[in-house]
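Residue strings, one per chain:
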Amino acid sequence: MRAMSAPDTLTLIRPDDWHTHLRDGAALATTVPHTAAQFARAIAMPNLKPPLTTAAQAEAYRQRILAARPPGAAFEPLMTLYLTDNLPPDEIERARAAGVVAVKLYPAGATTNSDAGVTDLRRTYRTLEAMQRQGLLLLVHGEVTDPDVDVFDREAVFIERVLEPLRRDFPALKVVLEHITTRDAAQYVADAGPNLAATITAHHLLYNRNAIFSGGLQPHYYCLPVLKREEHRRALVAAATSGSPKFFLGTDSAPHPAHLKECAGACAGCYTAPAALELYAEAFEAAGALDKLEGFASLHGPAFYGLPVNTTRVTLRRQDWTLPDSYPLGEAVVKPLRAGQTLRWRLQP
Ligand SMILES: NC(=O)N[C@@H](CC(=O)O)C(=O)O
Ligand SMILES: [Zn+2]
Ligand SMILES: [Zn+2]
């Protein structure tokens with residue numbers, strides 16, 4: 001039973017999503033309204049097919065996203081470029097001029113649509129130098145791809161082998177370690193200087209790796225980096241609810257057609273956009289830290305990116321409701337995390 005003092009409504013400065021996958025084409029008709037209903041801004045990840053590697057491509061993608069906004073929605077996508085072994089340094093200047101805010105590092109082969117990613121970080125040093133000079137952020141999928149490293153250890157090993165040397169070589173580059181999943185990462189980010197921050201997903205705050213294996217294999221709980229042990233989930237909750245400005249909201253909402261999740265070789269990614277704030281509220285409430293949600297969701301991200309805080313508000317109400325089983329995704333359907341299940345909080349329209 002909840003304490004008498006537990007609030008029944010929660011009003012926050014409208015949050016932003018600092019890591020989402022809106023995909024492209026017909027999928028935008030689903031993903032953009034979902035994200036726009038929850039967030040004022042969202043970092044649109046560039047791992048499209050083909051990936052976004054030029055300022056012109058990022059601008060064209062921005063226009064496709066804007067065209068999918070529901071009438072009256074003020075939602076603003078924040079654009080990113082995809083770092084490859086040969087992203088030229090002068091593209092960084094064009095990107096900045098086009099309003100691109102960050103560049104995403106995917107180690108080649110680490111995750112969905114990362115085949116064009118970086119094979120050796122040294123090949124990108126001139127580009128990273130340009131980013132450092134021009135103030136573009138580097139967003140990082142922090143897992144090594146070395147097949148000899150255990151899947152559950154790939155984040156911790158990435159910090160040691162890649163992130164630590166990178167930060168030493170580019171001390172003024174702002175880096176976001178995306179979707180952290182381990183105590184090691186939370187600790188490393190907390191201890192680092194002011195140019196390193198991290199996003200945390202709702203699903204990594206709510207679930208540990210048991211969720212993937214309970215009642216048969218559960219592909220809708222399969223994402224990368226994969227869910228970890230309970231002790232890591234607890235460390236992430238502690239970081240997110242600590243009030244530290246180094247941790248902020250990034251859903252990593254990653255829709256895949258249901259038939260590519262419910263099959264052999266299932267794709268990695270959890271679709272959380274339709275109930276993102278509801279899921280975060282659940283996680284923060286379970287930790288007795290609803291008062292820390294606004295900083296995490298609405299204040300720390302803009303501060304790190306050097307962007308203004310939003311001026312409108314959202315309200316969540318304590319109200320049971322059932323999340324739909326699926327949503328259309330072009331010709332296919334996408335099943336959200338917690339499809340058909342009850343949520344305890346509901347975002348008010
Ligand atoms: N998180 C995931 O499991 N998948 C993401 C890619 C990513 O963010 O790594 C996707 O694009 O599907
Ligand atoms: Zn990733
Ligand atoms: Zn992602």
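Residues numbered from 1 in each chain as written. Chains lettered and ligands numbered in written order. Predicted model: local features only at pLDDT ≥ 70, side-chain atom pairs only at ≥ 80, totals over all residues. Heavy atoms only, no water.

Further remarks concern the sheet that holds strand β5 (residues 102-105). One key point about sheets: their strands pair by backbone hydrogen bonds, in either a parallel or an antiparallel sense. Pairing is parallel across the open sheet formed by 8 strands, whose spatial order is β2-β3-β4-β5-β6-β7-β8-β9. Looking at which strands have only one partner, the edges of the open sheet turn out to be β2 (17-20) and β9 (247-249). Each strand axis lies, on average, 30 degrees off the axis of its neighbour in the sheet, ignoring direction. One ladder, built from 3 bridges, connects strand β7 (residues 175-177) with strand β8 (residues 196-200); its direction is parallel. Bridge pairing in β8 links Val-175 to Leu-196. Here helix α12 (residues 293-305) sits on the sheet in contact with β2, β3 (41-44), β6 (137-140), β7, β8 and β9, set at roughly 115 degrees to β9. (Pairing = 2+ DSSP bridges. Helix = DSSP H or I, 4+ residues; strand = E, 2+ residues; numbered from the N terminus. Axes fitted to C-alpha atoms, helices over the stretch in contact; angles between N-to-C directions. Contact = heavy atoms within 4.5 Å.)

A few words now on the UniProt feature "binding site: Zn(2+) 1" (unreviewed entry) in the protein chain. Mapped onto this numbering, the UniProt entry annotates "binding site: Zn(2+) 1" (unreviewed entry) at His-19, His-21, Lys-104 and Asp-252. These residues run over 234 residues, yet every pair of their C-alpha atoms falls within 13.2 Å of each other. Tracing the backbone through its elements, the reader meets His-19 in strand β2. Assessed through its relative accessible area of 1%, His-19 is described here as buried. For His-19, the residues in contact, after removing those within four places along its chain, are Ile-43, Met-45, Lys-104, Glu-178, His-179, Thr-199, Gly-250, Thr-251, Asp-252 and Ser-253. Mapped onto the secondary structure, His-21 falls in the loop between β2 and α1 (28-38). Beyond its immediate chain neighbours, meaning those up to four positions away, His-21 contacts Thr-31, Met-45, Asn-47, Tyr-106, Asp-252, Ser-253, Ala-254 and Pro-255. A polar contact is formed between the side chain of His-21 and the side chain of His-19, at a distance of 3.2 Å. (UniProt positions renumbered as here; feature names shortened; annotations may be inferred. Buried < 20%, exposed > 50% of the residue type's maximum accessible area, 1.4 Å probe, protein only. Polar contact = N/O pair within 3.5 Å; in protein donor to acceptor, adjacent residues only side chain to side chain.)

Let us now look at the pairing of β5. Side chains Ala-102 and Lys-104 of β5 all project onto a buried face; the interleaved residues Val-103 and Leu-105 project onto the opposite face, where all are buried too. Bridge count between strand β4 (residues 76-82) and β5: 3 bridges; the pairing is parallel. Each bridged residue has a counterpart across the sheet, and for Thr-80 the counterpart in β5 is Ala-102. Here 4 bridges tie β5 to β6, and the two strands are oriented parallel to one another.

This part takes up the coordination of the zinc ion (ligand 2). Protein coordination of the zinc ion (ligand 2) is provided by His-141 (ND1) and His-179 (NE2), with donor distances spanning 2.0 to 2.1 Å. For the zinc ion (ligand 2), the 4 donor atoms in the first shell make angles of 54 to 148 degrees at the metal, so the coordination geometry reads as irregular. In this structure, the zinc ion (ligand 2) is positioned 3.9 Å from the zinc ion (ligand 3). Note that His-141 is positioned in the loop between β6 and α5 (154-169) and His-179 in the loop between β7 and α6 (183-191), a separation of 38 residues in sequence. Considered together, His-141 and His-179 belong to a single accessibility category, that of buried residues. (Donors = N, O, S within 2.8 Å, 3.2 Å for Na, K, Ca; no water. Tetrahedral: all angles 85-135°; square planar, octahedral: opposite > 155°, others 65-115°.)

The next thing to look at is the packing of aromatic side chains. A complete count under the given rule lists 9 aromatic pairs for this structure. Pairing Trp-18 with Tyr-305 gives two aromatic rings, centres 4.4 Å apart and planes at 25 degrees, and the pair type is stacked. One end of the pair, Trp-18, is in strand β2; the other, Tyr-305, is in helix α12, and 287 residues separate them in sequence. Accessibility classification places Trp-18 together with Tyr-305 in one group, the buried group. In this structure an aromatic cluster arises from ring pairing among Trp-18, Phe-248, Phe-304 and Tyr-305. A cation over an aromatic ring shows up here: Lys-174 above the ring of Phe-304, its NZ or CZ 5.0 Å from the ring centre. In this structure, Arg-209 packs its charged tip against the face of Phe-152, placed 4.6 Å from the ring centre. (Phe/Tyr/Trp six-rings, centres within 6.5 Å; stacked < 30°, edge-to-face > 60°. Lys NZ or Arg CZ within 6 Å of the ring centre and 35° of its normal.)

Let us now look at the coordination of the zinc ion (ligand 3). The zinc ion (ligand 3) binds to the protein through His-19 (NE2), His-21 (NE2) and Asp-252 (OD), with metal-donor distances spanning 1.9 to 2.0 Å. Geometry at the zinc ion (ligand 3) is tetrahedral, judged from the 4 donor atoms that bind it and their angles of 95 to 134 degrees at the metal.

With that settled, consider the side chain of His-232. Within the secondary structure, His-232 is located in helix α9 (residues 230-240). Given the relative accessible area of 12%, His-232 is considered buried. Here Arg-183 takes part through its backbone nitrogen, which lies 2.9 Å from a polar atom of the side chain of His-232. Each residue touching His-232, except ones within four places of it in the same chain, is listed here: Thr-181, Thr-182, Arg-183 and Asp-184.

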